[in-house]
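Chains, contacts and geometry: an overview
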Amino acid sequence: MNKQSITQYYRKHRKAIVTATSGLLYGGGWSLGYLTSFDTASAAILVLATIVGGYDIAKTAYHEVTNRTLGIKTLVTLAAIGAIVIGEYWEAAAVVFLFSLGSYLEGRTMRKTRTALQELLEMTPDTATVRRDGELQEVPAREVEEGEVVIVKPGGKIPVDGIVVDGESAVNQAPVTGESAPIHKADGDEVYAGTVNQEGALDIRTTGAGSDTMLERIICRVEEAQEAQSPTESLIDRFAKYYTPAVIVLAIGAYAVTQNAILSLTLLVIGCPGALVIGPPVSIVSAIGNAARSGVLMKGGEHLERAGKIDLVAFDKTGTLTKGETTVTDVEGFGVADDEVLSLAATAEKKSEHHLADAIVDAAREQPTAATDGGATIAQADDMDAGRQSTPDPDDFDVVAGKGVIAHADGQEVVVGNRALLDDRDIDVPSRVADYVREREERGETVVHVVRDGDIIGAIALRDELREAAPGVVAALQDPGIETVMLTGDNERTAAAVAEEVGIDEYRAELLPEDKQSVIEAYQADGHVVAMVGDGINDAPSLATADVGIAMGAAGTDTAIETADMALMADDLERIPYAVKLSKATRWNVLENVGLAVLTVTVLLAGVLTSYVTLASGMLVHEASVLLVILNGMRLLRY
Amino acid sequence: MSDTTQFRVLDFDCPTCASTVERALSNVDGVQHVEVHYATGRVEIEYDDSVATPDAFAETIENQGYTPQPA
């Protein structure tokens with residue numbers, strides 16, 4: 001080993017070397033004093049042990065004092081100097097060595113927490129294979145430009161965000177969305193940087209590279225979240241600022257009253273607020289890091305702490321508990337042909353952006369023949385869309401929010417909507433129509449009436465399939481006693497059927513978007529801490545009103561990441577019980593750490609006042625408590 | 001011209017260490033804004049690049065007894 005590498009080794013392991021040397025000198029000095037009568041030599045070695053171990057501590061204490069931020073190191077330095085001044089060399093060396101050892105161990109464990117993000121950072125590949133001028137070139141991933149085509153071989157990491165333009169493969173998206181099962185990707189599908197191509201080669205047209213990728217945005221968000229202090233952290237930080245000077249004043253006061261220097265120095269040592277100030281941030285950083293690896297973005301300690309108090313989870317129905325892919329299940333004509341009913345409804349709904357309208361128009365397109373548009377023939381339909389019917393435009397069109405549409409086509413007025421819209425327009429509902437509607441709604445389907453020139457000519461039943469995971473997720477939340485509520489715009493009967501199928505405690509039906517917000521406010525007024533789960537865009541008002549807004553399927557939409565307090569990167573409902581339980585575990589973890597810190601100081605204080613605790617044993621217990629809270633917080637990394 | 005730079009300090013022992021470094025950095029000429037986070041060890045400095053350089057910040061952090069690493 002040459003001189004340079006020795007210097008490098010020393011720099012890298014300085015803390016460990018200093019602690020070990022101080023410990024050896026401390027052990028040697030103590031043994032010499034205990035076993036022999038060389039008291040002066042023993043004292044000299046113990047002072048040397050104090051200087052070796054205490055130099056760095058005193059240096060930082062000096063900076064603390066000059067920067068007017070009194071901290072633990074100032075207290076330890078004062079205690080060590082005080083002990084030497086009154087001739088308690090053994091105590092001085094012990095305090096310094098134990099503090100140094102504790103700091104070294106703390107440093108090692110804290111480093112693990114601080115680099116929890118490293119795993120996410122390592123997901124990003126360094127290089128990318130780009131097709132430029134017809135040739136393949138390997139370039140740094142950050143230099144790939146938007147619009148270029150990147151080739152990723154099987155087993156390779158995808159270096160950019162982009163769209164597949166050639167090839168087919170299964171892609172493991174766990175780093176970005178937390179989904180454990182690979183997702184099939186083909187032409188036109190979106191892929192993210194940091195995900196792993198498992199099967200076939202993929203050609204990907206870049207939509208974002210370098211720092212403009214979903215993974216980079218996630219990493220950035222997680223880091224910001226870890227740094228946003230929770231209320232407990234802010235409170236303890238403010239408390240600590242006044243606490244340390246108060247400990248010094250208490251030690252001086254104790255000396256003035258008792259003239260007992262040892263008692264006063266021991267108060268300095270045990271008064272260190274270590275475990276109290278270190279505990280909460282370690283718990284929160286660990287929890288946020290763990291959540292990020294599982295595809296759940298927590299926006300900050302404040303939200304995490306609030307999420308720990310959730311006692312009611314409200315779910316939006318469409319797109320959250322259901323797949324959000326509504327399909328027509330049945331068309332019933334009353335006095336007219338079924339396909340005529342569907343075609344007429346499709347014409348009326350053609351310009352609506354409602355998900356029910358999309359399903360009706362899609363179903364009409366799937367019909368092999370054109371029935372009612374007054375002219376289209378099979379031959380024309382073939383010409384237009386490979387055997388599928390084209391839907392003509394309505395002459396005019398009005399949306400009645402939450403109720404349906406009113407349109408005119410070919411001189412006829414067409415109304416497509418729910419019972420409320422029919423009641424508004426004084427349209428009679430014959431009993432056979434009402435029976436059909438009731439029967440379908442009891443199966444959890446949504447039914448719209450089709451009215452031509454004031455007469456009901458048919459009804460269309462639609463269904464949005466439940467997500468398979470929904471009943472399990474609701475049960476998993478109910479298990480620890482969380483109430484569950486479904487909010488939907490559907491009518492009472494459909495909502496009741498879906499709620500029963502999912503096993504949800506309560507449902508609120510026939511809600512307009514603004515009603516959902518009022519329902520959440522009402523629950524809050526009743527004293528509930530409410531989490532709202534939605535898809536992040538049309539549920540924005542209720543997500544913002546809820547104590548904790550949880551957006552689903554946030555990968556790909558920055559809006560969801562921005563508006564929600566918690567964002568599930570994948571459309572995976574099963575992450576919700578995990579996120580809620582993690583938040584609760586974090587809240588408990590913070591409380592455990594604060595409790596442990598307060599208990600340690602209280603017990604030590606009682607020990608000092610009853611003379612059971614010495615300077616060295618006080619420091620030992622103090623350092624052990626600091627290590628214990630760090631280790632307790634780190635449990636959340638593996639939750 | 002205003003510029004920003006980041007460091008990472010992995011050997012903070014306590015939140016007070018982070019505040020000490022924050023105060024020391026804010027006293028360096030040309031520093032406009034500084035944030036030091038104990039839990040993540042991230043140091044972010046906004047400064048006037050005609051007055052200060054990142055080297056000066058790294059030296060200040062070292063002088064306080066901590067090891068700055070590039071972020």
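Residues numbered from 1 in each chain as written. Chains lettered and ligands numbered in written order. Predicted model: local features only at pLDDT ≥ 70, side-chain atom pairs only at ≥ 80, totals over all residues. Heavy atoms only, no water.

**Concerning a positive patch on the surface**
Put simply, the rule reads: Patches here: salt-bridge-free residues with over 30% relative accessible area, like charges joined within 9 Å, nonpolar side chains (Val, Leu, Ile, Met, Phe, Trp, Tyr) joined within 5 Å. The Shrake-Rupley method, run with a 1.4 Å probe sphere, supplies the accessible areas, and residue values consider only the shown protein chains as cover. One speaks of a salt bridge when a side-chain nitrogen belonging to Lys or Arg is within 4 Å of a carboxyl oxygen belonging to Asp or Glu. We count Lys and Arg on the positive side and Asp and Glu on the negative side, and we leave His and both chain ends out. Charge positions are represented by NZ for Lys, CZ for Arg, CG for Asp and CD for Glu. Only runs of H or I of at least four residues qualify as helices and only runs of E of at least two qualify as strands under DSSP, and these elements are numbered from the N terminus. The buried label applies to any residue whose accessible area, calculated with a 1.4 Å probe on protein chains only, is under 20% of its type's maximum; exposed applies above 50%, and partly exposed to all values in between.
Among the surface-exposed residues, A:Arg68, A:Arg238, A:Lys241 and B:Arg23 lie close enough to one another that they form a single positively charged patch. Within the secondary structure, A:Lys241 is located in helix H9 (residues 231-258). On the accessibility criterion, A:Lys241 (61% relative accessible area) is exposed.

**Observations concerning the packing of aromatic side chains**
Threshold: Classification of ring pairs rests on two measures: the distance between centres of Phe, Tyr or Trp rings, Trp counted by its six-membered ring, which must be within 6.5 Å, and the angle between planes, read as stacked under 30 degrees, edge-to-face over 60 and tilted in between.
Here the structure, examined in full by the defined rule, presents 7 aromatic pairs over all chains. Consider the rings of A:Tyr26 and A:Trp90, whose centres lie 6.3 Å apart with planes at 40°: the pair is tilted. In this pair, A:Tyr26 is assigned in helix H2 (residues 14-35) and A:Trp90 in helix H5 (residues 89-114), connecting sequence segments 64 residues apart. According to the relative accessible area criterion, A:Trp90 is partly exposed, its value standing at 32%. Pairing B:Tyr47 with B:Phe57 gives two aromatic rings, centres 5.0 Å apart and planes at 75°, and the pair type is edge-to-face. In this pair, B:Tyr47 is assigned in strand S3 (residues 42-48) and B:Phe57 in helix H2 (residues 54-63), connecting sequence segments 10 residues apart. These aromatic residues form a ring-pair network of at least three members: A:Tyr26, A:Trp90 and A:Phe97.

**Digging into the sheet that holds strand S3 (residues 149-152) of chain A**
All names here are of chain A. This is how the line gets drawn: Any two strands with at least two DSSP-identified bridges between them are counted as paired.
With respect to topology, 6 strands assemble into an open sheet ordered S2-S1-S3-S9-S4-S7, the strand pairing being antiparallel. The sheet is open, and its two edges are formed by strand S2 (135-140) and strand S7 (190-191), each paired on a single side. By the bridge criterion, 6 bridges tie strand S1 (residues 127-132) to S2 in an arrangement that is antiparallel. Across the sheet, Ala128 pairs through a bridge with Val139, a residue of S2.

**With respect to helix H25 (residues 615-634) of chain A**
We count it as follows: Given a helix with a known number of residues, its expected span is that number minus one, times 1.5 Å.
Taking 1.5 Å per residue, 20 residues should reach 28 Å; H25(A) reaches 29 Å between its end C-alpha atoms and fits that length. Burial analysis of H25(A) places 14 of its 20 residues in the buried class, the great majority of the element.

Function cannot be read off these values alone, since they describe shape.
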